[in-house]
Amino acid sequence: QLRGGLALATTVACGAFAACTGSSVAGAVTMGKVALPEMKRHKYDSALATGCIAAGGTIGSLIPPSIPFVVYGIMTEQSIGKLFIAGIIPGILEVVFYMVTIYILCKRNPLKGPPGPKASFKEKANSLRSTWGMLILFAVVMGGIYLGFCTPTEAGAIGAFGALIIALCRRKLNRQNFTDSLLETGQTTAMVFAIFVGAFIFAYLLTVTRLPMELAGLVAGLPFNRYIILGLIFIFYLLLGCILDVAAMVVITMPIIFPIVMNLGFNPIWFGVFMVRVGEIGMITPPVGMNVFALSGVARDVPVYTIFRGVVPFIIADICNVALLVAVPQIALFLPGMMK
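These numbers come from a predicted model, not from an experiment. Residue indices follow the written sequence of each chain, beginning from 1 at its first position. Where local features are concerned, this predicted model is filtered to residues with pLDDT of at least 70; where side-chain atom pairs are given and counted, the filter is 80 or more; whole-chain, interface and lining totals use all residues. Only hydrogens and water are set aside; all other atoms, that is, all heavy atoms of the structure, feed into the side-chain values.

### Things to note about the packing of helix α14 (residues 246–263) against helix α15 (residues 268–282)
Selection rule: Orientation is described by lines fitted to C-alpha atoms, with helices fitted over the stretch in contact, and by angles between N-to-C directions that extend from 0 to 180 degrees. For the purposes of this entry, the term helix denotes a DSSP run of H or I that reaches at least four residues, the term strand denotes a run of E that reaches at least two, and both are numbered from the N terminus. We call two directions roughly parallel when the angle between them is under 35 degrees, roughly antiparallel when it is over 145, roughly perpendicular when it lies between 65 and 115, and oblique otherwise. Put simply, a crossing is left-handed when the front helix is turned counterclockwise from the back one by less than a right angle, and right-handed when it is turned clockwise. Two residues form a contact once any of their heavy atoms are found within 4.5 Å. When residue character is reported, Ala, Val, Leu, Ile, Met, Phe, Trp, Tyr, Cys and Pro are called nonpolar, Asp, Glu, Lys and Arg charged, and the others, Gly included, polar.
Relative to each other, α14 and α15 sit at 140 degrees, their axes nearing to 11 Å. It follows from the interaxial angle that α14 and α15 lie oblique. The handedness of the crossing between α14 and α15 comes out as right-handed. Taking contact as the criterion, the partners of Val246, Met249, Val250, Met254, Ile257, Phe258, Val261 and Met262 in α14 are, on α15, Pro268, Phe271, Met275, Val276, Gly279 and Glu280. Grouping the amino acids of the contact of α14 with α15 by side-chain chemistry returns 12 nonpolar, one polar and one charged.

Structure representation (structure tokens):
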């Protein structure tokens with residue numbers, strides 16, 4: 001019976017779904033199909049309903065497994081395992097910031113999120129019964145990386161095998177599903193490798209020209225505080241995130257941006273979290289937020305400007321979240337520092 005309860009539950013569900021996929025757009029589209037009809041049925045404000053889904057979808061890039069972290073780790077030769085672990089606390093904080101935003105919006109205007117019917121404890125427990133596979137898989141994969149029992153590559157293999165076993169146990173795996181999963185995996189892998197080939201050629205060209213090193217030295221020599229330069233990088237990624245996926249941003253910009261950041265003395269693991277976090281904001285920022293237009297394809301009866309209006313409070317929450325991440329770097333570095 002909590003006001004905005006469905007929106008709050010949708011945000012938590014987006015965080016849980018992020019633990020299954022590393023794509024922001026996929027998260028927004030999937031939750032749009034599942035949660036939006038329910039919020040419409042309970043007469044939620046369209047801006048709040050679509051805004052929390054579009055913003056919640058961005059969590060997919062931060063909570064592991066995360067495709068952008070894999071790309072960043074390869075491009076910058078950083079530990080992918082540490083990057084995965086570094087994204088956990090910021091990802092949870094992102095969910096908390098969004099939930100607080102929804103609570104404040106519904107407190108100010110109760111009509112935005114009417115309370116739903118009260119569910120018994122038994123009904124709540126039964127609704128979680130189907131999530132056991134995801135929880136076990138996430139715990140095994142991320143626990144194995146954190147405790148040093150396996151590398152990210154080995155953890156990926158364990159996760160794939162575990163997902164196969166769970167699908168068999170649930171009797172939901174047939175020849176068609178298995179074939180489709182293999183084809184989709186092959187297509188995604190081919191696409192990623194094609195991007196990497198082009199990225200490494202581009203990086204080699206820049207290395208030969210010494211452009212990144214010269215630019216890094218020039219920026220480091222500017223008479224500005226390093227946080228002012230970080231603010232300019234923030235704006236740059238915010239604009240770039242409007243038109244590019246976070247993984248594509250990493251591929252295109254890292255050969256130039258990474259040497260600058262290292263010259264400024266920022267931790268490379270922390271900057272990976274910072275960059276992915278800012279790229280997420282760009283995916284819901286007007287006028288070309290990718291998640292917004294992806295969700296509009298599902299919510300055809302909701303105008304795009306209504307979705308953009310709905311994401312504005314979440315963008316404000318995101319900026320506050322990033323400010324906290326900059327002020328307290330240990331939010332991202334605490335767990336990686338305890339890894340074995």
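### Some points on the pattern of salt bridges
Pairing between side chains becomes possible if they bear opposite charge and their charged atoms approach one another. The cut-off we apply is this: Put simply, a salt bridge is a Lys or Arg side-chain nitrogen that is within 4 Å of an Asp or Glu carboxyl oxygen. Partly exposed residues are those whose accessible area sits between 20% and 50% of the maximum for their type, while under 20% is buried and over 50% is exposed, using a 1.4 Å probe and protein chains only.
Per the counting criterion, the structure on display carries six salt bridges. When the shortest N-O distance is used, the salt bridge between arginine 277 and glutamate 280 registers 3.1 Å. Here the residue arginine 277 and the residue glutamate 280 both occupy positions in helix α15, the gap between them amounting to three residues, near one helical turn. For glutamate 280, a relative accessible area of 0% corresponds to the buried category. As a salt-bridge pair, arginine 277 and aspartate 318 come within 2.3 Å of each other at their nearest N and O atoms.

### Digging into the environment of glycine 148
Along the chain, the position of glycine 148 falls in the loop between α9 (132–146) and α10 (152–169). Taking the relative accessible area as the measure of exposure, glycine 148 reaches 45% and is therefore partly exposed. When the C-alpha positions of glycine 148 and glycine 81 are compared, they lie 9.1 Å apart, and in sequence the two are 67 residues distant.

### Some thoughts on the packing of aromatic side chains
Given two aromatic rings, their pairing is described by the distance between the two centres and the angle made by the two planes. Condition: In summary, the pairing rule links any two rings of Phe, Tyr or Trp, Trp by its six-membered ring, whose centres are within 6.5 Å, and it sorts them by plane angle into stacked for under 30 degrees, edge-to-face for over 60 and tilted for everything else. Criterion for a charge above a ring: Arg CZ or Lys NZ at most 6 Å from the ring centre, at most 35 degrees from the ring normal.
Under the defined criterion, the tally for this structure stands at eight aromatic pairs. Consider the rings of phenylalanine 236 and tyrosine 237, whose centres lie 5.4 Å apart with planes at 55 degrees: the pair is tilted. Look at phenylalanine 236 and you get partly exposed, because its relative accessible area is 37%. Taking 5.5 Å as the distance between ring centres and 20 degrees as the angle between the ring planes, the aromatic pair formed by phenylalanine 266 and tryptophan 270 counts as stacked. Within the aromatic cluster, the residues linked to one another by ring pairs are Tyr227, Phe266, Trp270, Phe271 and Phe274. Over the aromatic face of phenylalanine 266 sits the side chain of arginine 226, whose NZ or CZ is 4.3 Å from the ring centroid.

### Observations regarding helix α17 (residues 304–327)
Quick reminder of the rule: How far a helix is expected to stretch is found by multiplying one less than its residue total by 1.5 Å. Fitting axes to the seven residues ending at a residue and to the seven starting there, one defines the bend at that residue as the angle between these axes.
Here α17 spans 34 Å end to end across 24 residues, near enough to the 34 Å set by a 1.5 Å rise per residue. At valine 312, α17 shows its maximal kink, close to 35 degrees; a proline, proline 313, follows between one and four residues later.

### With respect to the nonpolar core
Rules: Definition used in this section: a nonpolar core is a set of buried Ala, Val, Leu, Ile, Met, Phe, Trp, Tyr and Cys residues joined via side-chain atoms within 4.5 Å.
By size, the foremost hydrophobic cluster in this structure holds 85 residues, and its most contacted members are Tyr237, Met254, Trp270, Phe271, Phe274 and Met275. Other than its neighbours up to four places away in sequence, tyrosine 237 contacts Met249, Thr253, Met254, Ile257, Phe271, Met275 and Val278.

### Here we look at the environment of tyrosine 103
Looking at where tyrosine 103 falls in the secondary structure, it is placed in helix α7 (residues 88–108). Between the C-alpha atom of tyrosine 103 and that of glycine 5, which follows or precedes it by 98 residues, the distance is 8.7 Å.

### Observations regarding a nonpolar patch on the surface
To keep things clear, this is the line we draw: Surface patches are defined over residues having more than 30% relative accessible area and no salt bridge, joining like charges when they lie within 9 Å and nonpolar side chains (Val, Leu, Ile, Met, Phe, Trp, Tyr) when within 5 Å. Throughout, the Shrake-Rupley method with a 1.4 Å probe supplies accessible areas, and for residues the shown protein chains are the sole cover considered.
On the surface, Leu2, Ile92, Val96, Val100, Tyr103 and Ile104 cluster together to form a nonpolar patch covering roughly 530 Å² of accessible area. Its location among the elements puts isoleucine 104 in helix α7.

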